[in-house]
Amino acid sequence: MLVAIPLVFLGYFFAYPLGAILTKSLLQAGRVDLAPFAEVFRRGTLRNAIWFTVWQATASMLLTLVVALPAAYVFARYRFPGKSVLRAAITVPFVLPTVVVGTAFLALLGPTGLIDLSGTVWLILIAHVFFNYAIVVRTVGGFWANLDPRLEEAARMLGAGRWRTFRTVTLPLLRPALAAAGSIVFLFTFTSFGVILILGGLRFATIEVEIWRQTISYLQLPIASALAVIQLVGVTSILFAYSRYQQRRMIELPLRPAQEVSRVPRTLRDRAIVGTTLGFTGLFLGTPLAVLIERSLRTDTGFGFAAYRSLATPTSALFVPPVEAIRNSILFALTATVIAVTVGMAAAAIVAYRTGLLSRAFDVLLMLPLGTSAVTIGFGFLVALGRPVDLRTSPVLIPIAHALVAIPFVVRTAVPVMRSVKEKLREAAAMLGAPPSRVWRRIDLPMVFRAGLVGAGFAFAISLGEFGATSFIARPATPTLPIAIFRLLGRPGTLDQALALATVLMVLTALSILLIERFRFGELGDF
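None of these values were measured; they are calculated from a predicted model. (Residues numbered from 1 in each chain as written. Predicted model: local features only at pLDDT ≥ 70, side-chain atom pairs only at ≥ 80, totals over all residues. Heavy atoms only, no water.)

## Details of the nonpolar core
Applied cut-off: Take the buried residues of types Ala, Val, Leu, Ile, Met, Phe, Trp, Tyr and Cys, join any two whose side-chain atoms come within 4.5 Å, and each joined set is a nonpolar core. Only protein chains enter the area calculation, which uses a 1.4 Å probe; residues under 20% of their type maximum are buried, those over 50% are exposed, and those in between are partly exposed. Counting from the N terminus, the helices are the DSSP runs of H or I reaching at least four residues and the strands are the DSSP runs of E reaching at least two. The contact rule is simple, with two residues in contact once any of their heavy atoms fall within 4.5 Å.
Ranked by internal contacts, the top residues of the largest apolar core, which has 165 residues, are Phe 9, Val 140, Ile 211 and Phe 381. Considering each element in turn, this core owes the most residues, 16 residues, to helix α18 (residues 397-420). With residues near it in sequence (within four places) discarded, Ile 211 still touches Ala 224, Leu 227, Ala 228, Gln 231, Val 375, Thr 376, Phe 379 and Phe 472. By size, the runner-up hydrophobic cluster in this structure holds five residues, among which are Val 421, Ala 429, Ala 434 and Val 439.

## With respect to the environment of Val 415
Looking at the element boundaries, Val 415 is found in helix α18. Classification of Val 415 as buried rests on a relative accessible area of 3%. Sequence separation of Val 415 and Ala 474 is 59 residues, and the distance between their C-alpha atoms is 32 Å. Setting aside anything within four residues of it in sequence, one finds Val 415 in contact with Ala 348, Val 351 and Ala 352.

## Quick look at the confidence of the model for the protein chain
Let me state the cut-off plainly: Values of pLDDT, the confidence the predictor places in each residue, fall between 0 and 100.
Residue-level pLDDT values for the protein chain average 82, and 92% of them are 70 or greater. The least confident element of the protein chain, judged by mean pLDDT, is helix α16 (residues 357-371) at 69; the most confident is helix α3 (residues 44-77) at 92.

## Re a nonpolar patch on the surface
Note the threshold: Patch criteria: residues need more than 30% relative accessible area and no salt bridge. Like-charged residues are merged within 9 Å; nonpolar side chains of Val, Leu, Ile, Met, Phe, Trp and Tyr are merged within 5 Å. The protein chains shown are the only cover counted for residues, whose accessible areas, like all others here, come from Shrake-Rupley with a 1.4 Å probe. For this analysis, a salt bridge means a side-chain nitrogen from Lys or Arg found within 4 Å of a carboxyl oxygen belonging to Asp or Glu.
Judged by side-chain polarity, Leu 22, Leu 26, Leu 27, Val 32 and Leu 34 come together as a nonpolar surface patch covering roughly 430 Å² of accessible area. Position of Val 32 relative to the elements: it lies in strand β2 (residues 31-32). Residue Val 32 is classed as exposed on the basis of its relative accessible area of 59%.

## A word on the packing of helix α2 (residues 35-42) against α3
Put simply, the rule is: Fitting a line to C-alpha atoms yields each axis, with helices limited to the stretch in contact; the angle taken between N-to-C directions then spans 0 to 180 degrees. Oblique is the label for any angle not under 35 degrees, not over 145, and not in the 65 to 115 range, which are roughly parallel, roughly antiparallel and roughly perpendicular in turn. Under the scheme applied here, ten amino acids are nonpolar (Ala, Val, Leu, Ile, Met, Phe, Trp, Tyr, Cys and Pro), four are charged (Asp, Glu, Lys and Arg), and all others, including Gly, are polar.
Across the interface, α2 lies against α3 with an axial gap of 5 Å and an inter-helix angle of 80°. Classified by the angle their axes make, α2 and α3 are roughly perpendicular. Touching Glu 39, Val 40, Phe 41 and Arg 42 of α2 are Gly 44, Leu 46, Arg 47 and Ile 50, all from α3. Tallied by class, residues from the contact of α2 with α3 come to four nonpolar, one polar and three charged.

## What about helix α13 (residues 268-297)?
For the record, the criterion: Given the number of residues in a helix, its expected span is that number minus one, multiplied by 1.5 Å. To obtain the bend at a residue, axes are fitted to the seven residues ending there and to the seven starting there, and the angle between these axes is taken.
The terminal C-alpha atoms of α13 lie 41 Å apart, and with 30 residues this matches the ideal 44 Å at 1.5 Å per residue to within 8%. Its axis deflected by about 40° at Gly 286, α13 carries its strongest bend there, up to four residues before the proline Pro 288. Those residues of α13 lying buried are Asp 270, Val 274, Thr 277, Thr 281, Phe 284, Leu 285, Pro 288, Leu 289, Val 291, Leu 292, Arg 295 and Ser 296.

## Considerations on the pattern of salt bridges
By the definition in use, this model includes eight salt bridges. Between Glu 39 and Arg 43 there is a salt bridge, with the nearest N and O atoms lying 2.8 Å from each other. The partner of Arg 327 in a salt bridge is Glu 324, with the nearest N and O atoms 3.1 Å apart. Remark: Glu 324 and Arg 327 occur in helix α15 (residues 323-353); sequence separation between them is three residues, near one turn of the helix.

## Details of empty space enclosed by the protein
Formally: With a 1 Å grid laid over protein atoms only, a set of points is called a cavity when a 1.4 Å probe fits there but cannot get out and a pocket when it is open yet has protein on both sides within 12 Å along at least five of seven lines; lining residues have an atom within 4 Å of a point. Grid points are joined across faces, edges and corners, and a volume is the space filled by probe spheres set on the points.
In total, this model carries two cavities of 30 Å³ or more according to the counting rule given. Counted as a void, the largest cavity has a volume near 700 Å³. Taken together, 34 residues make up the lining of the largest cavity; nearest its centre are Thr 98, Phe 131, Phe 188, Ala 374 and Val 405. Among the secondary structure elements, those contributing two or more residues to the lining of the largest cavity are α4 (83-95), α6 (121-144), α8 (162-190), α9 (194-199), α16, α17 (374-384), α18 and α20 (436-465). Broken down by element, the lining of the largest cavity gets its largest block of residues, four residues, from α20. Volume-wise, the second largest cavity comes out at about 30 Å³. If you go around the second largest cavity, the residues you meet are Phe 13, Phe 14, Pro 17, Leu 18, Thr 376, Ile 377, Gly 380 and Phe 381. Here the residues of the lining of the second largest cavity are counted per class, giving six nonpolar, two polar and no charged.

## Observations concerning the environment of Thr 53
When you line up the elements, Thr 53 lands in helix α3. For Thr 53, a relative accessible area of 0% gives the class buried. With 138 residues separating them in the primary sequence, Thr 53 and Thr 191 have C-alpha atoms 8.0 Å apart. Non-local contacts of Thr 53, meaning those with residues more than four positions away in its chain, are made with Phe 190, Ala 205, Thr 206 and Ile 207.

What follows is the structure, encoded as structure tokens:
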């Protein structure tokens, strides 16, 4: 039964739509036809979209690594008041919906912002660094915190300067963590959709945006299918290259507990490093969000809640009052959370408690939705789910699509916790006469329940901000918050309502993150 739940769900709502995309792109009138692929490479706009996707992802990855590395060092090597709270706060931008990030940077660096960078690629690159900053801090910083500092001290005693020690000792040791963080950032920016759609205008488009345009604007489904296949090949190549790199570079390192490695900043130099880095981090991550809130409260006569009160008023951009989008998003998020936790926890139990081929196969299968763009998932629904029952116009598809995106996060949260339960505890309870059901209820359940709550928080936050898949399957009468924000941004005179909705979405997402941090087991299930 445990195997059947995730197998049936992922088989019908993930594998079947992807197969339909492949069929649509490769088969025309019952025979193999590569004309859609030839058309993609013949058109200059589509070739430019592929090239722009690759180079902006590369530039975003390199910029994020450079900008976030000092913060990774400070969080790894120093102890200071409020460190755990700041570490949680840094994570908030990463889980913010891309629509909110795009709206915040439009308010800060758009035509009415502090500096007008609209129409330039710099606006997109800075937004990507903001969005992925936490990945580098938590991935590289988490690894750096356990590196034995005596290796660096030995190099310094042999006469090497600080820069040479970093370049010849620290940096090579950090390569596995840098590769992990860099590959994740590249993957997220390679499939960037909401940020590009809002900040790129008509000048910049990624493969994701072109899939959406070819489907929604031009009804060119074979071209969209070919682009989706090209993107899937790209994503798979990234994951394969990262896996090969990790296998070739895998070495054993002398690691120490983070508590022994970190120190209190006592010297003037240490305090300057910590103060400057935290100050920059606060300004870089806090300013866009603060400007978003400030702009949502600004009125012609000062500050007030006029934009929030207007959310109950119908507009020409939506078929329903904007406030309906808040209700829809919460209902869809709750439904998606139930689906994701039910399917994800069943799958996590198979991966954690079983061994052998079944466990490994499930582990790989469950990660595939994470490496597949949400736009491709939504497009697959549109192509495949027209029969035997036409679900394409049903609002039920929205929470199902959100759950597909969230399930890998639920699994990755629960599996480490399930595996962390010591077998000796179960054996001791069994020797004292407890039946298996009571052993699981008394020993495993309390920890698994908390892991489930953390996974539910991730699923709820992801569903609230999901935009790519929803943009294909949401009906005009049931907009979600990201859809409503995007439509309001596209109509003159409704910018204030878009900013108010973006602020509401940001607050709801931040509350979900606080819930996750409240119930997390130390570093288990971290991302």
